[in-house]
Amino acid sequence: MNKLDIKLWTLAAKGEIVPKRSLLKTPAQVRAIRKSAALNTALLNYISKHIRAGISTAEIDRLVYSFTTKHGGIPAPLHYQGFPKSVCTSVNNVICHGIPSEKELLKEGDIINVDVSTILNGFYSDASRMFIIGDASPRAKKLVQVTKECVELGLKAAKPWGHLGDIAHAVNTHARANGYSVVEEIGGHGIGLDFHEEPFVSYVTPKGSEMVLVPGMMFTIEPMVNEGSPDFYIDEENDWTVYTADGGLSAQVEYMVLVTKNGIEVLSK
Ligand code: MF3
Ligand code: CO
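Conventions used here
Residue indices begin from 1 for each chain and proceed along its sequence in written order. Note on labels: chains are lettered from A, ligands numbered from 1, in written order. Local features are withheld for residues below a pLDDT of 70 in this predicted model, meaning they are given only at 70 or higher, and side-chain atom pairs are given and counted only at 80 or more; totals for whole chains, interfaces and linings count all residues. Processing note: side-chain calculations cover all non-hydrogen atoms of the structure and skip hydrogens and water entirely. Consider each residue's heavy atoms; a residue with any of them within 4 Å of a molecule or strand counts as near. Two N or O atoms form a polar contact when they lie within 3.5 Å of each other; inside protein one atom must be a possible hydrogen donor and the other a possible acceptor, and for residues adjacent in sequence the pair counts only when both atoms belong to side chains. In these tables, accessible area is a Shrake-Rupley quantity obtained with a 1.4 Å probe, and a residue counts as shielded only by the protein chains included in the view. Classification used: nonpolar for Ala, Val, Leu, Ile, Met, Phe, Trp, Tyr, Cys and Pro, charged for Asp, Glu, Lys and Arg, polar for all others including Gly. We call two strands paired when DSSP finds no fewer than two bridges between them. Secondary structure elements follow DSSP: runs of H or I no shorter than four residues count as helices, runs of E no shorter than two count as strands, and numbering proceeds from the N terminus. All axes here are fitted lines through C-alpha atoms, helices being fitted over the stretch that makes contact, and every angle between N-to-C directions spans 0 to 180 degrees. For Na, K and Ca the donor cut-off is 3.2 Å, while for other metals it is 2.8 Å, and in both cases only N, O and S atoms qualify; water is not among them, so sites may look incomplete. For every residue, the accessible area (1.4 Å probe, protein chains only) is compared with the maximum for its type, and the residue is labelled buried under 20%, exposed over 50%, or partly exposed between those bounds.

Trainee: When you look at the site of ligand 1 in this model, what are you seeing that I'm missing?
Mentor: Near ligand 1 lie 14 residues; those nearest to it are Pro77, Asp115, Asp126, His196 and Glu222. Here histidine 196 contributes a side-chain N or O atom positioned 2.6 Å from an oxygen atom of ligand 1. In this structure, an oxygen atom belonging to ligand 1 sits 3.0 Å away from a side-chain N or O atom of glutamate 222. Summarising the interface, the protein chains cover 95% of the accessible area of ligand 1, which totals 330 Å² for the free molecule. Taken together, the residues of the shell around ligand 1 sort by class into 6 nonpolar, 4 polar and 4 charged.

Trainee: Looking at this model, I keep getting lost on the sheet that holds strand β11 (residues 232–234). Mind explaining?
Mentor: Remark on secondary structure: sheet strands pair via backbone hydrogen bonds, oriented parallel or antiparallel. A sheet is described by the order of its strands in space; here 3 strands give the open sequence β3-β12-β11, paired in antiparallel fashion. The open sheet has two edge strands, β3 (94–96) and β11, and neither has a second partner. Neighbour to neighbour, the strand axes of the sheet diverge by 40° on average, direction disregarded. Note that β3 and strand β12 (residues 242–244) share 2 bridges and pair antiparallel. Note that in β12 the partner of valine 94 across the bridge is tyrosine 243.

Trainee: What is the right way to look at the coordination of the cobalt ion (ligand 2) in this model?
Mentor: For a metal with four donors in a tetrahedral arrangement, the ideal angle between donors is 109.5 degrees, while six donors in an octahedron ideally sit at 90 or 180 degrees. Protein-derived ligands of the cobalt ion (ligand 2) are Asp126 (OD), His189 (NE2), Glu222 (OE) and Glu254 (OE), with the metal-ligand distances lying across 2.0 to 2.5 Å. Look at where the donors of the cobalt ion (ligand 2) fall in the sequence and you get D-x62-H-x32-E-x31-E. Of the two residues, glutamate 222 is situated in the loop between β9 (218–221) and β10 (224–226) and glutamate 254 in the loop between β13 (250–252) and β14 (255–259); the sequence distance between them amounts to 32 residues. Neither residue differs from the other here; glutamate 222 and glutamate 254 are each classed as buried.

Trainee: So what exactly am I meant to see when it comes to the sheet that holds β13 here?
Mentor: Sheet architecture is open: 3 strands sit in the order β6-β10-β13, paired in antiparallel fashion. A strand with exactly one partner marks an edge of an open sheet, and here the two such strands are β6 (181–182) and β13.

Trainee: What's the story with unusual backbone geometry in this structure? I'm lost.
Mentor: Trans is the prevailing form of peptide bonds, just as negative phi is the prevailing case for residues other than glycine. Cis peptide bonds are those with omega within 30 degrees of zero, and the linkage from glutamate 198 to proline 199 qualifies with 0°. Relative to the helices and strands, proline 199 is located in strand β8 (residues 197–201). Positive phi values are uncommon outside glycine, yet histidine 97 reaches one of about 60°. The residue histidine 97 is located in the loop between β3 and β4 (111–120) in this model. Its identity as a non-glycine residue notwithstanding, glutamate 210 has a phi of 75°, on the positive side. Structurally, glutamate 210 is set in the loop between β8 and β9. What makes glutamate 210 partly exposed here is its relative accessible area of 33%.

Just distances and angles here, no functional claims.
Listed below in structure tokens is the structure:
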């Protein structure tokens, strides 16, 4: 056993949840995943230049597919567990996993989450942004702003050898202080060698709980914040799209991060 194995073993003996060694990326893996993440971020920058009122979500899907493949990547959502498109586009009361459609035209006042995930040379990256189309209501703008703040506060709360629950606590506290709720059953995930790796990342668990943040871990910070109740239902026809149960607005921002010895590094946002 080396020093790290002993440290992990000692923590586990104290009842802490520690990652398997396979979840800790090697320097070579980190280098490869960084390239995937850089392409993923470039893709979000590209989408942000084209998104506007009048565009269909199917057009966003085409932009994602063409940009990604032109740069040697593959959109990870395409055919993932039967998902039919290259990107998730979640508008207004859609919490996540919205499916792009020709029939869905963005209009002034909409808020939309564009969630892009990229495979480059077999390595995975994932991030999402909120966009406000034209001038939205103060209510919509505030939800988007607070959701961005939640992710930034979650990021600040994350420290090597801290816990995933520290992030959740920061996110949930800020959402609730603004009268919002955080979706409980859907959360973030490990990422890098696969699209969805361990651990599941909750944003409603207590400070000091859940997995220890060990250098080499990679995961997403992606809370879904609802203006009303956190309850949801899934579209019965497509079995993907997640809607707020009460019809209220929902927002989500996703950063992909790496735990290092010195802190937390954002790989894609
Ligand atoms: N980016 C989403 C996530 O964070 C991907 C959902 S799976 C898909 O997990 F098939 F809808 F893309
Ligand atoms: Co994700």
